[in-house]
Number of protein chains: 2
Amino acid sequence: MADLILHNAMVLTMDSEYNFYEKGAVVIKGDRIVDVGESERITASYKAIEHINASGKLIMPGLINTHTHVPMTIFRGYADDLPLHEWLYDYIFPVESEFVTLENVKLGTKLAIAEMLRSGTTTFNDMYYYIDAIAEVVDRTGMRAVLSESVIDFPAPNSPTPEDGLRTAEKLINKWNQHPRITISVSAHAPYSCSAELIKSAKVLADKYSVPFNIHVAETRREFDAALEEFGFTPVGYLDNLGVLSDNVIAAHGVHLTPEDIQILAERGVAVAHNPECNMKLASGVAPIPELLAAGVNIGLGTDGVASNNDLDLFDEMNTAAILHKLNSNDPTVLDARTVVEIATIGGARALGMQNEIGSLEPGKKADMIILDLMQPHAHPLYNIYSLLVYSIKGADVESTIIDGKFVMRDRKLLFMDEDGLYEKIENVARQIREKSIVASDANLKKE
Amino acid sequence: MADLILHNAMVLTMDSEYNFYEKGAVVIKGDRIVDVGESERITASYKAIEHINASGKLIMPGLINTHTHVPMTIFRGYADDLPLHEWLYDYIFPVESEFVTLENVKLGTKLAIAEMLRSGTTTFNDMYYYIDAIAEVVDRTGMRAVLSESVIDFPAPNSPTPEDGLRTAEKLINKWNQHPRITISVSAHAPYSCSAELIKSAKVLADKYSVPFNIHVAETRREFDAALEEFGFTPVGYLDNLGVLSDNVIAAHGVHLTPEDIQILAERGVAVAHNPECNMKLASGVAPIPELLAAGVNIGLGTDGVASNNDLDLFDEMNTAAILHKLNSNDPTVLDARTVVEIATIGGARALGMQNEIGSLEPGKKADMIILDLMQPHAHPLYNIYSLLVYSIKGADVESTIIDGKFVMRDRKLLFMDEDGLYEKIENVARQIREKSIVASDANLKKE
C-alpha cells in the first residue's frame, strides 16, 4: 500500500528521456517515489492511503536553488542600484556585521523558506553564518537544504576567526549529516576575500567528509583583473593552481571566464551556479553558460541572496536565463526552454552531487515535487510544456509542494510554518536597520 | 458624497512630486479621483457610499502597456527559440493568415484582458486586426485601451488591401471615439512591410483625428541594415524623411538607433515603446533607453504580443528593464527603480498622449488604479517602495483593479468577465492550430 497517488495531472518527469505525461500519475511511499507514468496504468496498478485527483494541474520536480544566502531576506531592497564593490563593502558588510544575529538569521531564514516554498523551490544551497540556526529552521519547516558556514578573512558575525568557522563547520557536519533533508557542506567566501591557506583548509575539510565545497568565483571584472594582477592567474586558474578544483566544487557566478578557464572547470568536474538576475542587477556581466554547457560543465540555477536579486523566485530566474543568453549570444535559439528547465531541476541536482536523489521524478528518488495550478490565463494555450514553464508560468502558480514525501505546502497554505506575525517581525528588524543606517536606495534618489 | 474611499493603505501616487503615503487614502467619485493624501485628513474630510479599509495593501496607478497585439495570446508558446525573421515569416504570418478570425480575435482578446487585469495593467495600446471585435471585448470587460488596425502591404486577415484597412480604421474612429475607455488610433506595421505611400496615408489619417500613430521601428539589426541599403537612411531617418515623425507617434522597439536617430526622435516628440523581454527573447538587441531618456524622449513599457514574450505581465517587464540596462550599460546605477516605475505608469501615459487622464493618482484624473496585497513573503521588508515594486513584487500580488472608477477585479475575481470555459475554448483553438501546422518549439527539440 502506497501513501499517496496523485493522478489525472500533467506530469513532467525531467528523466533522461524527458518523459511527459499529459494524463499522468505519481505514486509516493514514505519519502520516495514508487512509480511515475500514465494515469490509467498507475491507478490500475497501485492502491494508496490517499488518492488525489490533480486534474488541471502540472506535477514536476521541485526547483533547486544552487546559490543563495537565505538570511539576507532581511536586507531585501536595503541597497539597490549600486555597483557591486560599493554595495558589498559600504552597505552589505557593515550592516551584516551589526544585524546578522542568531535571532535575525532565524527570522530571515523563515521568511526565505516561506518565499521559496511558495514559488516552487524544494532544495537550496546556502553559504552564510549561524548555519546551525538555519538548519534548525530547515528541519522544522520541511525544506531540503545544503548549508555551509561561509569562512572569510575577517571576523564573521558568529566566528571571531576563519579557523573558528571551520571548526564550527566540522562540528555541524557531524551534528546534522544524518538528517534526511539537511547536508552541511563547506564554503570559502571567494579567492579575493580568503587566503590561499584558508581556501585549501576549507577544501580539505569538504573532502574529508565528501560534502560540497562552495566558493564565489569570477563574479566581476574587477575581481578578474585583480586576480591577474595579484596572483598572475585568472580566478579559476588561481584556484586550480591551489589544487582545490574537483567534482565536489560549486563555483558561484563564473561570469568572467576565459576559454582555458572553461576547459579547466570541465576537466575538474566543477559545477557552476548561474545567477543571471543578480549578475544583471549588479552589472557584473554574463556568465558564458552556452559555452560551459558545450564543454560539459554542470550548471545549476541560483538567485543569490535577495539583497542583490531581490527575490528567491526560480521561475523568474529561468525566464531571465533563457532570454539573457539569447540576447548575449545574438542567437534566439540558444538556451532553449527545455535546457533551462533542465538546469533548474536535474542540472541543479547534478551541481550539488544529488542527482541520484532529487531533480527528476523517477522511481526510487526522493519525492520532492511541486504542483502547479494551470487554471490561470497566462497558462493557456499549451503548445510546449517547456516553453510554458520558462516563458509564461509564474512562481505564484505553485499551489502545493511536496518534500521528502510530505506536503509542506498544500493549496497555498504552509503546513509547517506559521506565517502570522512573521512579516511584522521582519519589518521591526528593518526599522532597526533603517534607524542605524541610511537606506542606499533612498540615498540614491536624494543624490539626483 | 463620493462613491468610494479606500483608506489606511500605502498609496504611491507617481505625481510630479513622487508623493508616497505610508497611511494614505484615495477618494473616487464617478470615473474620477477626487482626492489623494494622508488617510487621517481624507477620512475627516469626505464621506462616501463605500469605505474600504485597505490596511496591508498598496494602491498605485494601473500599469500601462504601450505595445502589444492582444489577440496573439492564442499563439502563446507556438513558436519559440527562433530568430525573428524565421519566427515572423515562417511561423507567425502563415498561422495568422489562417487562424486570425473574428471569433479567435475575440477569444484571444478575452484571455489577454483576463491576464492583464490579473497582473496590474489597466490600459493597453494595441496594433492588430479585427479591432472592432477587440473594442467590443474591451467595452464589455471594463478595460481601457488604445486600439489600431494594423495596415501592411499584403492582405490582412480582415482587409483585402491596406486601403481597405485605412477605411476600416476611419470608420472605427468615428464609431468608438466617444467611448470613455476606448481610443481608436492608426498603425502602419513597419517601414519594411509598408510602402512609403501607405505610411504617409496612415499618418495623415491619424493626424486628421488627432489620434496616436503606431509603427514598429528599428527592431532588428537586419531591418536597420536593409533600410540603409534600400532607402539610404536608418529606419528613423527614413521615416523622418517621409515627414511622418511628430508627437503623436509611438515607435515600437527603437532598438537600433544612431545618436542622430535619438536626436530626431527627441526633436519630433516621438515616444518609444520599450519591450525588453521580447527584444531579448528574439535576440533583437537592447534599445538605448538611458540615452533616449537623457535626450528627453518619452518612454513607455510594453510586452509586445505573447507569441514573443510570452506573457502580458508588466511587473516582469519592469524587473527585466531595470536589470537589463544595468548590464548593458555596465553600470548598476542606470535605470534606478523609481525611473522604471515612472516608465510603466506616467511615462506610458505620456507616450500615449494621455498624461492628463491617466498614469498617476491625482485629483481630477481618471480613477485607474491597482491594489496590491503585500501579505506575501517576497513583499517584506520594505525599505524603498520603488525597489520593492521593481525587484520583488509580482503581477500575482495584484488583488483588485479599478478602471474608470469601477472595480473590474475585486479580490482576484473578474467582475465583467466569465472565465469559466475560456481556457477550454483557447485549448480547442490551439488544437486546431497544432493539427494544421508543426509547433516550432517541438520542431526545435527534434532538430537536436
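The following refers to the structure shown.

Conventions we followed
All residue numbers refer to position in the chain's written sequence, counted from 1. Labels follow written order: the first chain is A, the first ligand is 1, and so on. Only residues with pLDDT of at least 70 are given local features in this predicted model, and only at 80 or more are side-chain atom pairs given and counted; all residues enter the totals for whole chains, interfaces and linings. Excluding hydrogens and water, the side-chain figures rest on all heavy atoms present in the structure. Between N-to-C directions, angles cover 0 to 180 degrees, with each direction set by a line fitted to C-alpha atoms, over the stretch in contact for helices. Strands here mean DSSP runs of E at least two residues long; helices mean DSSP runs of H or I at least four residues long; both are numbered from the N terminus. Throughout this description, any angle smaller than 35 degrees is read as roughly parallel, any larger than 145 degrees as roughly antiparallel, any in the 65 to 115 degree range as roughly perpendicular, and the remainder as oblique. Note on convention: the crossing is left-handed when the near helix lies turned anticlockwise from the far helix by less than a right angle, right-handed when the turn is clockwise. Whether two residues are in contact is decided by their heavy atoms: any pair within 4.5 Å suffices. Amino acids outside the nonpolar list (Ala, Val, Leu, Ile, Met, Phe, Trp, Tyr, Cys, Pro) and the charged list (Asp, Glu, Lys, Arg) are all regarded as polar, and Gly is one of them. Exposure is judged per residue with a 1.4 Å probe applied to protein chains only, and the accessible area is read against the type maximum: over 50% gives exposed, under 20% gives buried, and values in between give partly exposed. For the purposes of these results, a polar contact is taken to be a pair of N or O atoms within 3.5 Å, where, inside protein, one atom must be able to donate a hydrogen and its partner to accept one; residues adjacent in sequence count only when each atom of the pair is a side-chain atom. In this description, one arc is meant: the one made by directions from the helix axis to the C-beta atoms. Within 6.5 Å between ring centres, the rings of Phe, Tyr and Trp (the latter by its six-membered ring) count as paired, and their orientation is classed by plane angle as stacked under 30 degrees, edge-to-face over 60, tilted in between. Only when the NZ of Lys or the CZ of Arg is both within 6 Å of the ring centre and within 35 degrees of the ring normal is a charge said to sit over the ring. A least-squares superposition brings the copies together, and it is based on the C-alpha atoms of residues with pLDDT no lower than 70 in both. For two strands to count as paired, DSSP must find a minimum of two bridges between them.

Here's the deal with the packing of helix α3 (residues 102-118) of chain A against helix α15 (residues 422-436) of chain A
Residues and elements named next belong to chain A.
No. 1: For the pair α3 and α15, the least separation of the axes is 10 Å and the interaxial angle reads 130 degrees. By the angle class used here, α3 and α15 are oblique. Relative to α15, α3 is oriented so that their crossing is left-handed. Here Asn104, Leu107, Gly108, Lys110 and Leu111 of α3 come into contact with α15, specifically with Leu422, Tyr423, Lys425, Ile426 and Val429.
No. 2: Considered class by class, the residues forming the contact of α3 with α15 number six nonpolar, two polar and two charged.

A word on helix α14 (residues 385-392) of chain B
Residues and elements named next belong to chain B.
No. 1: Along α14, eight of the eight residues are buried, which leaves the element largely enclosed by surrounding structure.
No. 2: Of all the positions in α14, only Ile385, Tyr386, Ser387, Leu388, Leu389, Val390, Tyr391 and Ser392 are classed as buried.
No. 3: Sitting at the amino-terminal end of α14 is Asn384, which places a side-chain oxygen 2.9 Å from the backbone nitrogen of Tyr386.

Focus on helix α7 (residues 221-231) of chain A
Residues and elements named next belong to chain A.
No. 1: All buried positions along α7 are accounted for by Glu223, Phe224 and Ala227. Angular distribution of buried residues about the axis of α7 spans 100 degrees; they occupy a single face of the element. Relative to its buried face, α7 has exposed residues pointing more than 90 degrees away, namely Arg222 and Glu229.
No. 2: Its buried side turned inward, α7 meets β10 (213-217), α8 (235-242) and α9 (259-268).
No. 3: Positive backbone phi, approximately 75 degrees, marks Gly232, located one or two places after α7.

Quick look at the packing of helix α5 (residues 162-176) of chain B against helix α6 (residues 196-208) of chain B
Residue and element names in this part refer to chain B.
No. 1: Packing of α5 against α6 brings their axes to within 11 Å, and their N-to-C directions diverge by 5 degrees. What the angle tells us is that α5 and α6 run roughly parallel. Counting all contacts with α5, which are made through Pro162, Leu166, Ala169 and Glu170, the residues of α6 involved are Leu198, Ser201, Ala202, Leu205 and Lys208.
No. 2: Its residues placed into classes, the contact of α5 with α6 shows six nonpolar, one polar and two charged.

Digging into the packing of aromatic side chains
Residue and element names in this part refer to chain B.
No. 1: Tallied over the entire structure, the rule returns 14 aromatic pairs over all chains.
No. 2: On the numbers, 6.4 Å between centres and 50 degrees between planes, the contact of Phe75 with Tyr78 is tilted. Here Phe75 matches Tyr78 in class, with each residue buried.
No. 3: On the basis of an interplanar angle of 45 degrees and a centroid distance of 4.8 Å, the ring pair of Tyr128 and Tyr129 is categorised as tilted.
No. 4: Residue Tyr128 is classed as buried on the basis of its relative accessible area, which comes to 4%.
No. 5: Taking NZ or CZ as reference, Arg338 lies 3.7 Å from the ring centre of Tyr18, over its face.
No. 6: If you follow Arg410 out to its NZ or CZ, it ends over the ring of Phe407, 4.3 Å from the centre.

Considering the relation of the copies chain A and chain B
No. 1: With an RMSD of 0.0 Å, the fit of chain A onto chain B corresponds to turning through 180 degrees and sliding 0.0 Å along the axis. The transformation relating the two chain copies, once decomposed into turn and shift, fits a two-fold axis. Minimal C-alpha distance to the rotation axis in chain A is attained by Ala396 of chain A, lying at 3.2 Å.
No. 2: Of all interface residues in chain A, 100% are interface residues in chain B too; the two copies therefore contact each other through one and the same surface.

A closer look at the pairing of β10 of chain A
Residues and elements named next belong to chain A.
No. 1: For β10, a buried count of five out of five residues is recorded, marking the element as mostly surrounded by other parts of the structure.
No. 2: Here β10 shows no split at all, with Phe213, Ile215 and Val217 on one side and Asn214 and His216 on the other all buried.
No. 3: Here strand β9 (residues 182-188) runs beside β10; their pairing, made up of two bridges, is parallel. What sits directly across from Ser187, in β10, is Asn214.

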